[in-house]
Each structure stands twice: as structure tokens, then as C-alpha cells.
Amino acid sequence: MLFSSLVFICAFLPLLLFIYYTAPRSWRNNILLASSLLFYAWGEVTLVWVMIASIIWNHVAALVIDRTRNDLLRKVVFAVGVIVDIAALGYFKYTDFFIENWNSLSGMALPLKHIVLPIGISFYTFQAVSYLTDVFRHDTPAEKNLLNTGLYITFFPQLIAGPIVKFHEISDYIRERSETLDKFAAGLQRFIEGLAKKVLIANVMAETADAVFSSNTAVLLPQEAWLGIFAYSMQIFFDFSGYSDMAIGLGKMFGFEIPENFNFPYTAASVTQFWRKWHISLSTWFKEYLYIPLGGSRAGRFRTLRNLGIVFLVTGFWHGAGWNFIFWGAWHGAFIILERIFKVDKKSIPVLGNIYLLIVVLTGWVFFRAETFSSALLYIRRMFCFSAWNSGGMMVVSGTFAVMALFAVFYSTTLPRMIYNRLNKNGLLVWRSVCCLLLFLVLLRLAGASYNPFIYFRF
């Protein structure tokens, strides 16, 4: 089920809110757990058992780690727990990738398994691994209530595409929280803003991006190639940040505080800054559970650069089972390493640094969007084939795209936040009225359109 679907907006969410707020407080966690499982099973009924098995496995493993005083046993249980989590992710997500590459190297013709990927497994697996790690490190006690562990792993606002939440960030809200009218109103506003980002901007950008990337790349004009990757860069930002806004808003509506996941990443002046602002929960996860355990920046310059390289290779591989994703991670990692060597992050000039950042990131998005590594290389050749500039008719874009592109550029900067922060009480009332209008426009578009994917659902 999509947040940006009429079923969710007009049926699932209103019904859940009614049941939740009319039920006794002692029932509310169980209502959220049941609704989260229903939400997941709506589109993944045959694989909901994978998530249930993950809940039980990680709950038991965490209890054993927390209660035993034998250091060796704790380490063994922790290692086995993490290995099982990662193995499950590897089986569902990467089996065919490894078979394809083994066939290429060995000349064999092993059949592909065509395993269906459970929605959101990359996200809830990382949450489970962070939970076991934090319990092992004594950063948080194990949760004794299986249903509370289940709610942590399945909480539907951030189940499918994050943000990736660590247990200690949300455990207090699971055990005890207060729901207020002000928090509910703020959450509803945030949800509508994210919904508008997704439906009114990301979906419009996606139509143009898909049209460009599905055309014959070999004859693509440079300006068309740049149009396509601009549209995709706006699509993926507003698609993913819009989902995160909706998740944070829904969390507030039920009394939870979910961490922020984006901080205007396209305003960064270096790739290093970009990754402090883009998919913050994933960057933080890799820093705490991979980069620091590898030694971080404590073991000398060479190992620091090596650790950065490893983190970004794994980041790329986490996003997808394909060499283009691995190269996308390596692409960002290479610039991060170069910036660390030449101390670019400390010397970056805002305007020039931002131009440099956008060229690097938009070029990298080609590998993320293209179907294959070779098609990505061909697309980039067309982007930088300046001799062919204006040598033919330009692809015609709709007026809707042109208007939404202007909004996309504006809302990818910090200007809207600055304006919002300066609003007085009357201004906030006006903005909430605007949000009602946005919701009306969203419903109109959803009623007449069938194109409504979420990019990160396939990761």
C-alpha cells in the first residue's frame, strides 16, 4: 500500500486513526502492530512471514545477548544473529546477481532463481542489525515484550522506505508517549507537505525522466540528456524526501518523533556535505555500524581512506544488485576520498562548490537510473557531447512540467524553510489553509492518474 494512494488516504488512515484514538491506551501499541502487519501484507501477503520471522529471531537473540554473562556466548549469539539477518537479505536481494556473475566468470549456465524481493527488507534488516548491535554494546537494554519489538521493526510509517530508526531513538515512544492536538496537527501538515512533494512534483518529474531514459540514447541531444537527468534528480529527491516527510508526519499523528532524513542536500558545496544531508539515517547507520567498527579515522590516513571506500562500495551495493549501483557508490566514495585528501570540505566556496557538487551528483544519478552500466556510460557520453548541442529539435516538455520544475528548484533550497520560520501565528494559519488546498489538488491528481511509483520501494 502506498501513502500516496486513495485507499490509504481515504480508507486505511482515517479508519486506523478512529480505532486508535477511541481505543484504551493499553491497546494502542497492539493496534499499531496489527495495522502495520496489515499495511505490509496488503502488497506483500505471501512474504509477510519473512518479517514476522525477523521479529521473533531478533527479539530472542537480543534477549539472550542481554541476559547472558558469558562474553564468548554473547559474541557468538550476536555474530549468528547478524549473520542470519544479512544472509536473509542476501538471499532475497542478491542471489540472482551472484548467479549471473558466476555464470559470466565460469562459463556455466546456472538458472536464475527469480526470487521475489520482500518490500522494505533492506530497511527493516538494517534496523534489526542496529538493534542487536546496540544491545551487544550495552547502548540499550533488550526489549522484553515481543509485541514492542514487533512494533519497532514493523511500524508502518517508516517500514517500507525509512528513515532507518535505531531502537534507542524510538523505544521511549513505544513504551510511553503522549498524543496532543498540536502534535497531531503538525504531523498532518507534514504528511500533506510530503504527499504534495510526491504527487505534484516527483510524479510529474518522473514522466519526463522516463520519457528521456526510454528513448534511443545513441541519438539523444546533450540538452535532452541534461533535461532527463535533471528531471530524475528532482524526482528521486522529492519522491524520497516526500516519503520521509509523510513518515515523520504520520509518526507525529500517533505520538512518535521520527528523526529527520533530509536537509536540503542539493544546497551542499561538496560531496562530503551532500552525504551529511542526503538519506541521513542511512549515512548515520553506515558510520556507526560499519565505518567506526572498521577503525573510522583512528588508524591512520591510509586506513581512513580505505574505510571510506569500503563504506561507499557497500552503500552502492545496498541500493541494488547491479554493477551500476556498485559503481554509483564507488563514484561518490572516490570524490569523498579526494575531498578528504585535499581538504576540500573545509575550503569549499559556496557557489562554485555547489556547481561542482551538482555536476558530480547528477552524473552519478545516471548510473542509479540507467538499466545497465553500459547504457549509463552511453548516456553520460551524450550529456557531455557538446559538439551536438542544438543540432536538432529539442524534446517538447509540458507546461505542467515547466511549472513543477520551477517549484522543484525552489523547494530544493532552504528558502521555503526560511520563509516558514518567519511566519507568525496568522501566517501559519494561512499555510495550513494552503495545505488543505494541496491535499485537494493531490486527490484530484490521484483520482485521474495511474502513475504513482515510489523509487525506494524496490530497494
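The sections below set out a description of the structure shown in this document. In this text the structure is predicted, and so the values were computed from the model without any measurement.

### Description of the nonpolar core
Part 1 of the reasoning: The biggest cluster of nonpolar side chains holds 129 residues, and the ones touching the most others in it are F8, F156, F254, W278 and W365.
Part 2 of the reasoning: When sequence neighbours within four positions are dropped, the list of residues in contact with F8 reads M1, L2, F3, L13, P14, F39, F156, F191 and L250.

### Describing the packing of aromatic side chains
Part 1 of the reasoning: This model, assessed by the stated rule, comprises 65 aromatic pairs.
Part 2 of the reasoning: When the ring of F8 is compared with that of F39, the centres are 6.0 Å apart and the planes differ by 75°; the resulting orientation is edge-to-face. With F8 in helix α1 (residues 6-22) and F39 in helix α2 (residues 28-44), the pair connects residues that are 31 residues apart, well separated along the chain.
Part 3 of the reasoning: Given the relative accessible area of 1%, F39 is considered buried.
Part 4 of the reasoning: Of note, R28 hangs over the ring of Y20, and the distance from its end group to the ring centre comes to 5.0 Å.
Part 5 of the reasoning: One Lys or Arg, K93, reaches over the ring of W318 and ends 5.3 Å from the middle of that ring.

### Topic: a positive patch on the surface
Part 1 of the reasoning: A surface patch of positive charge is lined by R301, R340, K343, K346 and K347.
Part 2 of the reasoning: Relative to the helices and strands, K343 is located in the loop between α13 (323-342) and α14 (344-347).

### Some remarks on helix α4 (residues 71-106)
Part 1 of the reasoning: Between its first and last C-alpha atoms α4 spans 43 Å; for 36 residues at 1.5 Å apiece the expected length is 52 Å, and the helix comes up short by more than 12%.
Part 2 of the reasoning: Maximum bend of α4: about 65°, positioned at Y94.
Part 3 of the reasoning: Sitting at the head of α4, N70 places a side-chain oxygen 3.0 Å from the backbone nitrogen of L72.
Part 4 of the reasoning: G107 sits one or two positions beyond α4 and adopts a positive phi of about 80°.

### So, a nonpolar patch on the surface
Part 1 of the reasoning: Together, I349, V351, L352, I355, I359, F384, F386 and W389 line one region of the surface with nonpolar side chains, adding up to about 800 Å² of accessible area.
Part 2 of the reasoning: Among the structural elements, I359 can be located in helix α15 (residues 350-369).
Part 3 of the reasoning: Note on I359: relative accessible area 42%, which makes it partly exposed.

### Details of the environment of G255
Part 1 of the reasoning: Among the structural elements, G255 can be located in the loop between α9 (222-253) and α10 (271-277).
Part 2 of the reasoning: Taking the relative accessible area as the measure of exposure, G255 reaches 1% and is therefore buried.
Part 3 of the reasoning: Sequence spacing of G255 and R177 is 78 residues, and the spatial spacing of their C-alpha atoms is 6.0 Å.
Part 4 of the reasoning: What G255 contacts, discounting residues up to four positions off in sequence, is Y173, R177, S178, E179 and K183.

### Things to note about the packing of helix α8 (residues 181-213) against helix α17 (residues 399-411)
Part 1 of the reasoning: Relative to each other, α8 and α17 sit at 125°, their axes nearing to 9 Å. With respect to α17, the element α8 is oriented oblique. As α8 runs across α17, the sense of the crossing is left-handed. Residues L200, I201, V204, M205 and T208 of α8 lie in contact with α17, whose contacting residues are T400, F401, M404, A405, F407 and A408.
Part 2 of the reasoning: Of the residues in the contact of α8 with α17, the class split is nine nonpolar, two polar and no charged.

### Examining the side chain of S283
Part 1 of the reasoning: Locating S283 in the fold gives a position in helix α11 (residues 280-291).
Part 2 of the reasoning: In this structure the side chain of S283 is engaged in a polar contact, spanning 3.5 Å, whose partner is the backbone oxygen of W278.
Part 3 of the reasoning: For S283, the residues in contact, after removing those within four places along its chain, are W275 and W278.

### A closer look at the layout of surface pockets
Part 1 of the reasoning: If you add up the space inside the largest pocket, you get close to 1000 Å³.
Part 2 of the reasoning: E193, K197, Y411, P416 and W431 are, among the 34 residues lining the largest pocket, the residues nearest its centre.
Part 3 of the reasoning: Of all the elements in the fold, those that place two or more residues in the lining of the largest pocket are α8, α9, α17, α18 (415-421) and α19 (425-448).
Part 4 of the reasoning: Per-class residue counts for the lining of the largest pocket are 20 nonpolar, six polar and eight charged.
Part 5 of the reasoning: Counted as a void, the second largest pocket has a volume near 710 Å³.
Part 6 of the reasoning: Lining of the second largest pocket is provided by 25 residues; of these, T272, R276, L308, I336 and R340 occupy positions nearest its centre.
Part 7 of the reasoning: Taken together, the elements giving at least two residues each to the lining of the second largest pocket come down to α10, α11, α12 (301-319), α13 and α14.
Part 8 of the reasoning: Grouping the constituent residues of the lining of the second largest pocket by class yields ten nonpolar, seven polar and eight charged.

Conventions and cut-offs
- Per-chain numbering applies: the sequence of each chain, read as written, is numbered from 1 onward.
- This being a predicted model, a pLDDT of at least 70 is required before a residue's local features are given, and a value of 80 or more before pairs of side-chain atoms are given or counted; all residues contribute to the totals for chains, interfaces and linings.
- With hydrogens and water set aside, each side-chain value is computed from the structure's full complement of heavy atoms.
- For our purposes a nonpolar core is just a set of buried Ala, Val, Leu, Ile, Met, Phe, Trp, Tyr and Cys residues, chained together by side-chain atoms within 4.5 Å.
- Exposure categories follow from relative accessible area, calculated using a 1.4 Å probe and restricted to protein chains: below 20% of the type maximum is buried, above 50% is exposed, and the middle band is partly exposed.
- Any two residues having at least one pair of non-hydrogen atoms within 4.5 Å are treated as being in contact.
- Two rings belonging to Phe, Tyr or Trp (six-membered ring only in the last case) form a pair when the distance between their centres is within 6.5 Å. Interplanar angles under 30 degrees mark stacking, angles over 60 mark edge-to-face geometry, and anything in between is tilted.
- Numbering of helices and strands runs from the N terminus, with a helix taken as a DSSP run of H or I at least four residues long and a strand as a DSSP run of E at least two residues long.
- Counted as over-ring charges are cases with an Arg CZ or a Lys NZ within 6 Å of the ring centre that also lie within 35 degrees of the ring normal.
- Residues enter a patch when their relative accessible area is above 30% and they make no salt bridge; the linking distance is 9 Å between like charges and 5 Å between nonpolar side chains (Val, Leu, Ile, Met, Phe, Trp, Tyr).
- Only the protein chains shown count as cover for residues, with accessible areas throughout obtained via the Shrake-Rupley method and a probe of 1.4 Å.
- Each reported salt bridge corresponds to a side-chain nitrogen of Lys or Arg within 4 Å of a carboxyl oxygen of Asp or Glu.
- Here the positive residues are Lys and Arg and the negative ones are Asp and Glu; neither His nor the chain ends is included.
- Every charge is mapped onto a representative atom, which is NZ of Lys, CZ of Arg, CG of Asp or CD of Glu.
- The length a helix should cover is 1.5 Å for every residue beyond the first.
- The seven residues ending at a residue and the seven starting there each receive a fitted axis; the angle between those axes is the bend at that residue.
- Polar contact criterion, stated in full: a pair of N or O atoms within 3.5 Å, where within protein one must be able to donate a hydrogen and the other to accept it, and residues adjacent in sequence count only if both atoms are side-chain atoms.
- Every axis corresponds to a line fitted to the C-alpha atoms, with the helix fit spanning only the stretch in contact, and the corresponding angles, defined between N-to-C directions, vary from 0 to 180 degrees.
- Throughout, the term roughly parallel applies to angles under 35 degrees, roughly antiparallel to angles over 145, roughly perpendicular to angles from 65 to 115, and oblique to all others.
- Two helices cross in a left-handed way if the nearer one is turned anticlockwise from the farther one by less than a right angle. They cross in a right-handed way if the turn is clockwise.
- Three classes are used, and their members are as follows: Ala, Val, Leu, Ile, Met, Phe, Trp, Tyr, Cys and Pro are nonpolar, Asp, Glu, Lys and Arg are charged, and the others, Gly among them, are polar.
- Think of a 1 Å grid over the protein atoms and nothing else: a 1.4 Å probe that fits but is trapped marks a cavity, an open set flanked by protein within 12 Å on at least five of seven lines marks a pocket, and residues with an atom within 4 Å of a point count as lining.
- Grid points are joined across faces, edges and corners, and a volume is the space filled by probe spheres set on the points.

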